[in-house]
Amino acid sequence: HALVGDLEAAPNFHSALGRFRVNELELARHHKVGRTVAHDVLVQAQSIGLVAKDDRLRWYVVPLDEKRVCDLYDLRELLEPHALASSVGRVPPRLLAAMTKRLETALAGYPKVSATEMDGLEHALHVTCIEHCENREVIEALKRTRCIFITAKHMLGSQLSYPVNEPFMADHLEIARAMAAGDAETVADGMLMHLKSPRPQVLDRLE
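Residues numbered from 1 in each chain as written. Predicted model: local features only at pLDDT ≥ 70, side-chain atom pairs only at ≥ 80, totals over all residues. Heavy atoms only, no water.

Enquirer: What is the right way to look at the sheet that holds strand S3 (residues 59–61) in this model?
Expert: Strand pairing in a sheet takes place through backbone hydrogen bonds and is either antiparallel or parallel in direction. Strand order across the open sheet formed by three strands is S1-S3-S2, with antiparallel pairing between neighbours. Each edge of the open sheet carries a strand with a single partner, namely strand S1 (20–22) and strand S2 (51–53). Across the sheet, the axes of successive neighbouring strands diverge by a mean angle of 40 degrees, strand direction being ignored. One ladder, built from three bridges, connects S2 with S3; its direction is antiparallel. Bridging from a neighbouring strand, Lys53 pairs with Trp59 of S3. The sheet contacts of helix H3 (residues 35–47) involve S1, S2 and S3, and relative to S2 the element is tilted by about 105 degrees. (Pairing = 2+ DSSP bridges. Helix = DSSP H or I, 4+ residues; strand = E, 2+ residues; numbered from the N terminus. Axes fitted to C-alpha atoms, helices over the stretch in contact; angles between N-to-C directions. Contact = heavy atoms within 4.5 Å.)

Now the structure itself:
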């Protein structure tokens, strides 16, 4: 539904400029949906760190400034390598094989890769694979960092050109192959190195 896309793109662009109110009733009216539907979509956006409620229970866009980007990457560096390593042996081999094939195809065709496919490749490793981690508290904590993916999804290929060098697929491919080989240590080390490189680029996008 267009409402879901709007509740990704609009807060994402506004978040770089500061804190803004979101009117649930006007949102429902604008998209010609019920108030319950608008509320449910806002709750979904809240779970991935795009919006939140203030002390008076009013929705607002959570600012995504330099401090928050760095805090989110600190959180990811602490949790994602462990979470992904602990999912080794739990992710179905067919899923890893399909992800590997998609990465190889995209890497060979870059930069002629759609924004939707780029987002799907990010989601496959950082969300789908990590969902197989047994520690549900870690998974819930990492959901708050997904607003960073939204920034790339709605900016690269539209607001901003793709980088000259592909931004993540080679790293993903190396990690996927280590997961298929059952090498949890290489997976953890690879994920940590992978997370350390994009922070400056994300800050540049916000600029």
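Enquirer: How should I be thinking about the pattern of salt bridges in this particular structure?
Expert: Where charged atoms from two side chains of opposite charge come close, those side chains can pair. The full count for this structure, using the stated rule, is 14 salt bridges. Taking the shortest distance from any N to any O, the salt bridge between Asp74 and Arg199 comes out at 3.0 Å. Pair noted here: Asp74 is in helix H4 (residues 66–86) and Arg199 is in helix H11 (residues 199–206), with a separation of 125 residues, a long-range link. Here Asp74 falls in the partly exposed class, since its relative accessible area comes to 37%. Under the relative-accessibility criterion, Arg199 is labelled buried at 17%. Note that Lys196 is salt-bridged to Glu77, the shortest N-O span being 3.4 Å. Remark: Glu77 occurs in helix H4 and Lys196 occurs in helix H10 (residues 184–196); sequence separation between them is 119 residues. A cluster of three or more residues bridged by salt bridges with shared partners is formed by Asp74, Glu77, Lys196 and Arg199. (Salt bridge = Lys/Arg side-chain N within 4 Å of Asp/Glu carboxyl O. Buried < 20%, exposed > 50% of the residue type's maximum accessible area, 1.4 Å probe, protein only.)

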